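Geometric and topological summary
These are the residues of each chain, in order.
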Amino acid sequence: MGKNKLGLAAAAGLTASLALGSAYSEPVEDKLVIDGREMTTWTEAPADHPFDELISGWHYRTDETRALEADSFENPGMLYVERGEEIWNAVDGAAGKSCASCHQDASETMAGVGASYPKWNEAAGKPYNLELQINECRVEQMQAEPYKFDAPEQVALATFIKHQSLGEPVEIDLAEGDMQKWWERGKDRYYLRTGQLNMACATCHEDYNGRYIRADHLSQGNVNGFPTYRLNTGGMVSLHNRFRGCIRDTRAEFPAAFSDDLMALEVYVTWRGQGLSVETPAVRQ
Amino acid sequence: MTKPLVYAALAAVLLGTGPVTAGPVEPGNVEFAEDFTVSASLTDEAGDPAEGRKAFADRSLGNCLACHAVTEMSDQQFHGDVGPSLDGVAERYDPAFLRAIVVNAKHVFGEQTIMPGFYTLEVGVDVAEKHQGKTILSAQQVEDVVAYLTTLTD
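Just so it is clear, the structure is predicted and the values come from calculations on it, not from any experiment.

Conventions we followed
- Residues numbered from 1 in each chain as written.
- Chains lettered and ligands numbered in written order.
- Predicted model: local features only at pLDDT ≥ 70, side-chain atom pairs only at ≥ 80, totals over all residues.
- Heavy atoms only, no water.
- Contact = heavy atoms within 4.5 Å.
- Salt bridge = Lys/Arg side-chain N within 4 Å of Asp/Glu carboxyl O.
- Polar contact = N/O pair within 3.5 Å; in protein donor to acceptor, adjacent residues only side chain to side chain.
- Helix = DSSP H or I, 4+ residues; strand = E, 2+ residues; numbered from the N terminus.
- Nonpolar A, V, L, I, M, F, W, Y, C, P; charged D, E, K, R; others polar.
- Domains from an automatic or database assignment.
- Buried area = accessible area lost by both parts, 1.4 Å probe.
- pLDDT = per-residue confidence, 0-100.
- Phe/Tyr/Trp six-rings, centres within 6.5 Å; stacked < 30°, edge-to-face > 60°.
- Lys NZ or Arg CZ within 6 Å of the ring centre and 35° of its normal.
- Buried < 20%, exposed > 50% of the residue type's maximum accessible area, 1.4 Å probe, protein only.

1. Observations concerning the interface of chain A and chain B
The interface of chain A with chain B comprises 33 residues on the first partner and 45 residues on the second. Inspection of the chain A/chain B interface yields 1 salt bridge. Seen at the junction of chain A and chain B, the total is 19 residue pairs in polar contact (both at pLDDT 80 or more). For the side of chain A that touches chain B, the secondary structure elements donating two or more residues are helix H1 (3-20), helix H9 (201-205) and strand S7 (212-213) of chain A. Sorting elements by how many residues they give to the side of chain A that touches chain B places H1 of chain A first, with 10 residues. Across the side of chain A that touches chain B, the residue classes tally to 18 nonpolar, 8 polar and 7 charged.

So this is what it looks like as structure tokens:
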């Protein structure tokens, strides 16, 4: 075999993979209606976005999984919403208060709130996600212990609060404080290749969404459904747990939950999915 | 014939007649020719296609099936479609080119390819402790996988 043939062969490899682009496994066209309300799960991306269209992870799941999310009686994540409501109303800590003592009826006071996290927190000098805000309330207002990462109460309460924004478009404020800087840092992290497998978030979720990686149908990796109910582990998965799982899958050490690295990533990835409806608790495989 | 391929032919002859190297080629010493080939075997033992087939499917080894479908492997579930199907890949490429792809696909397809380098220490940041300083496949496993790929003729 001569050099020319090999050169051609190399080029053929590249075209073969490009050609596959047209044969890829499309996200399923379908409408997500929960309790009579249609969710925005597929929408045009803003001009400065790497994608033309933003697509919820819901479209990449099987018929059964999609149906489970659409039916709030069947959705196993709804049990955690109920559990979260109990915690919302339960007195805890030395101050003898519950969340409800300050915030009353969550269906009114928390409506739309979860859709705009992470938010700039001036006192802390960094963005806060819902979990960090909950911990701050516990420590400052309730004189209770902060929840450890992924404590069942933390996940249930975050699920309950996010659920109060069901159907609301995700929209964060990058104009506050240093949010823009955190966005930049998160973007760097998104394109940073990690681990022995040498992959970035973008490698899977930007370059190859729509394709199957083994049994997994790769989505755009949007965060609008978090915390999500995962069928294969039979429980809720928090966002930072998911981030850590994806990073671990590249055979890399992963940053601590709520570390600056992962908070920056949360800001950036949330921005990427702005306009999609909050789906919490979404159901995933 | 270009030089590397002459060497390839030579190496094949030499390897066929007896061991000429001491131990496998180190990941940093694998020689890529200008035409994206690695002609010389990484070890002095011929690749075993049956072992290669196992490494190809095994999630903790090559896990090639995560990204590539192969019709011949229909006994295995879940073939990915991130990369092209490898049916007939032995008709398209010779072993020296296949070896180069498996050793370090970045040298062949470019830095941006999703395909990991299976015998290289040029990897991403923060490699997990248990994988540090190690390649995904051993030199012999690369040879086994390449031997398996050469059986994919249709």
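After presenting the structure, the write-up continues.
2. A short note on unusual backbone geometry
All names here are of chain A. Backbone torsion omega between Tyr 117 and Pro 118 reads 0 degrees, so that peptide bond is classified as cis. By the secondary structure assignment, Pro 118 is in the loop between helix H5 (106-109) and strand S5 (119-121). At the junction of Phe 226 and Pro 227, the peptide bond is cis and its omega measures out at -15 degrees in the coordinates. Positionally, Pro 227 belongs in the loop between strand S8 (216-217) and strand S9 (228-230).

3. Digging into the domain arrangement of chain A
Residues and elements named next belong to chain A. In terms of domain boundaries, chain A breaks down into domain 1 (28-75 + 174-284) and domain 2 (79-163). Between the C-alpha centres of domain 1 and domain 2 there is a distance of 22 Å. In this complex, domain 1 contributes 26 residues to the contact, which on the side of domain 2 involves 23 residues. Carbon and sulfur atoms make up 70% of the surface buried where domain 1 meets domain 2, a total of about 2,000 Å² over both sides. The interface formed by domain 1 and domain 2 includes 0 salt bridges. Applying the counting criterion to the domain 1 and domain 2 interface returns 5 residue pairs in polar contact (both at pLDDT 80 or more).

4. Quick word on the confidence of the model for chain B
Looking at chain B, pLDDT values average 90 and 86% of them are 70 or higher. Both confidence scores are given for the complex: pTM 0.91, ipTM 0.90.

5. So, the packing of aromatic side chains
All names here are of chain A. A full pass over the atoms with the stated rule returns 10 aromatic pairs over all chains. By way of ring pairs, the aromatic residues Trp 183, Tyr 190, Tyr 191, Tyr 268 and Trp 271 are connected into one cluster. In this structure, Arg 66 is placed above the aromatic ring of Trp 58, and the distance from its NZ or CZ to the ring centre is 5.5 Å. Positioned above the aromatic ring of Trp 182, the side-chain terminus of Arg 185 is 5.8 Å from the ring centre.

6. Looking at the pattern of salt bridges
Overall, the coordinates contain 17 salt bridges over all chains when judged by the stated rule. For Asp 63 of chain A, the salt bridge identified is with Arg 66 of chain A, shortest N-O distance 3.1 Å. Of the two residues, Asp 63 of chain A and Arg 66 of chain A are both situated in helix H2 (residues 63-70); the distance of 3 residues between them amounts to about one turn of the helix. On the basis of relative accessible area, Arg 66 of chain A is assigned to the buried category, the value being 6%. When the shortest N-O distance is used, the salt bridge between Arg 185 of chain A and Asp 261 of chain A registers 3.0 Å. Of this pair, Arg 185 of chain A sits in helix H8 (residues 179-190) while Asp 261 of chain A is found in helix H11 (residues 260-272), placing the two residues 76 residues apart along the sequence. For Arg 185 of chain A, a relative accessible area of 37% corresponds to the partly exposed category. Taking relative accessible area as the criterion, Asp 261 of chain A reaches 26% and is therefore assigned partly exposed. One salt-bridge network, in which partners are shared between bridges, spans Arg 185, Arg 189 and Asp 261 of chain A together with Asp 126 of chain B.

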